[in-house]
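Fold and geometry: a report
Below, each chain spelled out in residue letters.
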Amino acid sequence: DVKVTQSSRYLVKRTGEKVFLECVQDMDHENMFWYRQDPGLGLRLIYFSYDVKMKEKGDIPEGYSVSREKKERFSLILESASTNQTSMYLCASSKGQVISYNEQFFGPGTRLTVL
Amino acid sequence: GQNIDQPTEMTATEGAIVQINCTYQTSGFNGLFWYQQHAGEAPTFLSYNVLDGLEEKGRFSSFLSRSKGYSYLLLKELQMKDSASYLCAVRNNQAGTALIFGKGTTLSVSS
């Protein structure tokens, strides 16, 4: 059974803290993605990665960075957390090639609150 | 730029049929996806269209017209468990396998 796991379901941090959100997939997928989901705004792409050590900016990369040192793991980093980064963060993965549908599989999400 | 529009909310009754529309504007279109997301859970894949026409999968069908930038998700024989958000997402050639999501349509099914 395919699986994407995220390190925490709920996280509370203080403004200015450095925050790491971890995502691991066991499907040997090349592509991994980080989204945030906010009421009324839907899912918005922050960063994605096609391969180890490679990253691409999504629609809203400001205030975030990512790390992909191993194929199965994709980390989202908030260098200095701010209250406007309070959100649900969803990680996803998919196969590498842009053929057929290659659906994205999502993790359960991390609800981050920044106080 | 890219833009995806879908209604914010819809309501329907058990056993009915509901159609959720999605219109999009994008360059280099390379597929449209529908996902279902129950409250507090991760989105799960429902359907994929890249060519014009209807794709049927049990109670769910999805339609695409590329010339009109239009898709719909059709849900038949509605059940209470179909109450969820339905997300339309588009892939384009410039973004590889990345998806751009609409804001989602929250469907409430009542008895």
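The sections below set out a description of the structure shown in this document. Here the residue numbers are simple positions, counted from 1 along each chain's written sequence. All chains are assigned letters beginning at A, and all ligands numbers beginning at 1, according to the order in which they are written. Predicted model: local features are reported for residues with pLDDT of at least 70 only, side-chain atom pairs are reported and counted for 80 or more only, and whole-chain, interface and lining totals are derived from all residues. In computing side-chain properties, one takes all heavy atoms of the structure into account and sets aside hydrogens as well as water.

**Describing the interface of chain B and chain A**
For this analysis, residues touch if any pair of their heavy atoms sits within 4.5 Å. On the side of chain A, 26 residues touch chain B, which itself brings 20 residues to the contact. Throughout, the accessible surface (probe 1.4 Å) given up by two parts as they are put together, summed over both, is called the buried area. For the pair chain B and chain A, the summed buried area comes to about 1,700 Å², and 59% of that belongs to carbon and sulfur atoms. Broken down residue by residue, the surface that chain B buries against chain A is led by T97, F101 and K103 of chain B, which jointly contribute 30%. Note on definitions: salt bridges are taken to be side-chain nitrogens of Lys or Arg within 4 Å of carboxyl oxygens of Asp or Glu. Connecting chain B to chain A are 0 salt bridges. Contacts described as polar in this section are N or O atom pairs within 3.5 Å, which, within protein, must combine one atom able to donate a hydrogen with one able to accept it, while residues neighboring in sequence count only if both atoms come from side chains. One can count 3 residue pairs in polar contact (both at pLDDT 80 or more) joining chain B with chain A.

**Some remarks on the pattern of salt bridges**
Residue and element names in this part refer to chain A. Scanning all chains against the criterion turns up 10 salt bridges over all chains. Put simply, E79 and K18 hold a salt bridge, and the shortest N to O gap is 3.5 Å. On the criterion of sequence distance, the pair formed by E79 in the loop between β8 (73-78) and β9 (87-94) and K18 in the loop between β2 (10-13) and β3 (19-25) is long-range, its members being 61 residues apart. A run of H or I in DSSP becomes a helix once it reaches four residues, and a run of E becomes a strand once it reaches two; helices and strands are each numbered from the N terminus.

**Describing the state of the cysteines**
Residue and element names in this part refer to chain A. Pairs of cysteine sulfur atoms within 2.5 Å are identified as disulfides in what follows. Under the counting rule described, the total for this entry stands at 2 disulfides over all chains. Between the sulfur atoms of C23 and its disulfide mate C91 the distance is 1.9 Å. Given an S-S torsion of about -75°, the disulfide between C23 and C91 has left-handed geometry. Placement of C23 in strand β3 and of C91 in strand β9 is noted, with a sequence separation of 68 residues between them. Assessed through its relative accessible area of 0%, C23 is described here as buried. When its relative accessible area of 0% is taken as the criterion, C91 is described as buried. A simple rule labels every residue: compare its accessible area, found with a 1.4 Å probe on the protein chains alone, to the largest value its type can have, and call it buried under 20%, exposed over 50%, or partly exposed in between.

**Topic: the layout of surface pockets**
Here the largest pocket is characterised by a volume of approximately 510 Å³. A cavity here means a set of points on a 1 Å grid, drawn over the protein atoms and nothing else, where a 1.4 Å probe fits but cannot get out; a pocket is an open set with protein on both sides within 12 Å along at least five of seven lines, and a residue lines either one if it has an atom within 4 Å of a point. Lining of the largest pocket is provided by 27 residues; of these, Q37, D38 and P39 of chain A together with Q37 and S85 of chain B occupy positions nearest its centre. Ranked by residues supplied to the lining of the largest pocket, first place goes to strand β9 (residues 84-92) of chain B with 3 residues. Among the residues making up the lining of the largest pocket, the classes are represented as 9 nonpolar, 12 polar and 6 charged. Grid points are joined across faces, edges and corners, and a volume is the space filled by probe spheres set on the points. Taken as a whole, the second largest pocket holds about 260 Å³ of empty space. Along the wall of the second largest pocket there are 13 residues; nearest its centre are L41 of chain A together with Q2, I4, I100 and F101 of chain B. Residue polarity is assigned by list, with Asp, Glu, Lys and Arg as charged and Ala, Val, Leu, Ile, Met, Phe, Trp, Tyr, Cys and Pro as nonpolar; anything else, Gly included, falls into the polar class. Here the lining of the second largest pocket is composed, by residue class, of 7 nonpolar, 2 polar and 4 charged.

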